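Close look at the chain arrangement
Chain by chain, the residues:
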Amino acid sequence: MDDGLGTIEVFPDHFHASTPIAEPVEKKNRSFSHSRTDNSFSSHSRSWARRKLRSAASMLNLFSLRGLPWGSSSDDQEKVELTVAELESLRTELASLEEREAHFKAQLEHVDEILRSARLSGYLYIRARWAALPGEPPPIDDTEVDDWLPRFVVLHGSCLFFYMLSTDLSPQDSTLLSDVTEVGPLPNLTREDEEIRYCFYILTCHGLRYECSSVSKVQVDSWLTALRIDCKIEPEPDNIAPQ
């Protein structure tokens, strides 16, 4: 037997590891694009989460009581830590809010009652003058004095009420209709801004005369008609009282 390898033929490089074939450029590009997409999506998700967190924090601040310290308990529940002074201040503030709410409610009920039950109501410009009593010198001529003040006037029942505002619970002044002796028109008033006001007066038996004016002639006519009827005064359209 031959000591050589015989008929077996050996190829030295047959069992060497083959060189890996390079990945196609297109596959690499797809892999890179997919990775970049994943990174972009992850970045977008983190940005969205941060925005939602900021929004939640803003809402928490909106509904939180100002000046109250917030803390966390051991069981992860939110709690408010207050001193005795802060608690007393909060109680005082709540009591004040309840008082204001009750006052506003009373004002609304008052306005509603006026609108439902008053014969006539509305804002008029008012000024008061005193007529000269028998034996007294005539009053100083102050017709040019611009002391007209807006008042909310209410004709209700047997009285004429003068309020500062329609929401006031108590009138500033009042006059019994039985004390009214004269009601009549006054000459129109032209202001510096060329605004025309239509005027009328209400004279009482005590010598007090209310001079009233409005930019609406219809409103003035309504007041004259209602007052003459309720005070049982015959109209005298040709009689213009001097100012």
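Before going into details, it helps to say that this report is about the structure given with it. (Residues numbered from 1 in each chain as written. Predicted model: local features only at pLDDT ≥ 70, side-chain atom pairs only at ≥ 80, totals over all residues. Heavy atoms only, no water.)

Burial of strand β8 (residues 196–204) is extensive: seven of the nine residues sit out of reach of the surface. Taken together, the eight bridges between strand β7 (residues 180–190) and β8 define a ladder with antiparallel strand orientation. The residue bridging Leu-186 from the neighbouring strand is Cys-199, located in β8. Between β7 and the antiparallel strand that follows it, β8, lie five residues; Glu-194 among them carries a positive phi value of about 70°. (Buried < 20%, exposed > 50% of the residue type's maximum accessible area, 1.4 Å probe, protein only. Helix = DSSP H or I, 4+ residues; strand = E, 2+ residues; numbered from the N terminus. Pairing = 2+ DSSP bridges.)

Moving on, we come to the sheet that holds strand β9 (residues 208–214). With antiparallel pairing, seven strands are arranged side by side in an open sheet as β6-β5-β4-β3-β9-β8-β7. Either end of the sheet is taken by a strand with one partner, and the two such strands are β6 (173–176) and β7. Neighbour-to-neighbour, the strand axes of the sheet open up by a mean angle of 30°, direction not taken into account. In the sheet, β8 pairs with β9 via six bridges, with the strands oriented antiparallel. Along β9, the bridge assignment pairs Phe-200 with Cys-212. Of the strands in this sheet, β3 (120–130), β4 (149–156) and β5 (159–163) touch helix α2 (residues 84–117), which is tilted by about 55° from β4. On the sheet, helix α3 (residues 217–230) packs against β3, β4, β5, β7, β8 and β9 and is oriented at approximately 80° with respect to β3. (Axes fitted to C-alpha atoms, helices over the stretch in contact; angles between N-to-C directions. Contact = heavy atoms within 4.5 Å.)

With that out of the way, let us pick up the nonpolar core. Judged by nonpolar contacts, the single largest core of 21 residues is most densely connected at Leu-160, Phe-200, Ile-202, Trp-223 and Leu-227. Those elements giving two or more residues to this core turn out to be β3, β4, β5, β7, β8, β9 and α3. The greatest single-element share of this core, amounting to five residues, is contributed by α3. Setting aside anything within four residues of it in sequence, one finds Ile-202 in contact with Leu-160, Val-180, Glu-182, Leu-208, Arg-209, Tyr-210, Cys-212 and Leu-227. By size, the runner-up hydrophobic cluster in this structure holds five residues, among which are Ile-114, Ala-118, Phe-152 and Val-154. (Core = buried A, V, L, I, M, F, W, Y, C linked by side-chain atoms within 4.5 Å.)

This part is about the side chain of Thr-175. Following the sequence through the fold, Thr-175 ends up in strand β6. Of the polar contacts made by the side chain of Thr-175, one reaches the side chain of Tyr-210; its length is 3.2 Å. Ignoring sequence-local partners within four residues, the contact set of Thr-175 consists of Ser-158, Cys-159, Leu-160, Phe-162, Val-180, Thr-204 and Tyr-210. (Polar contact = N/O pair within 3.5 Å; in protein donor to acceptor, adjacent residues only side chain to side chain.)

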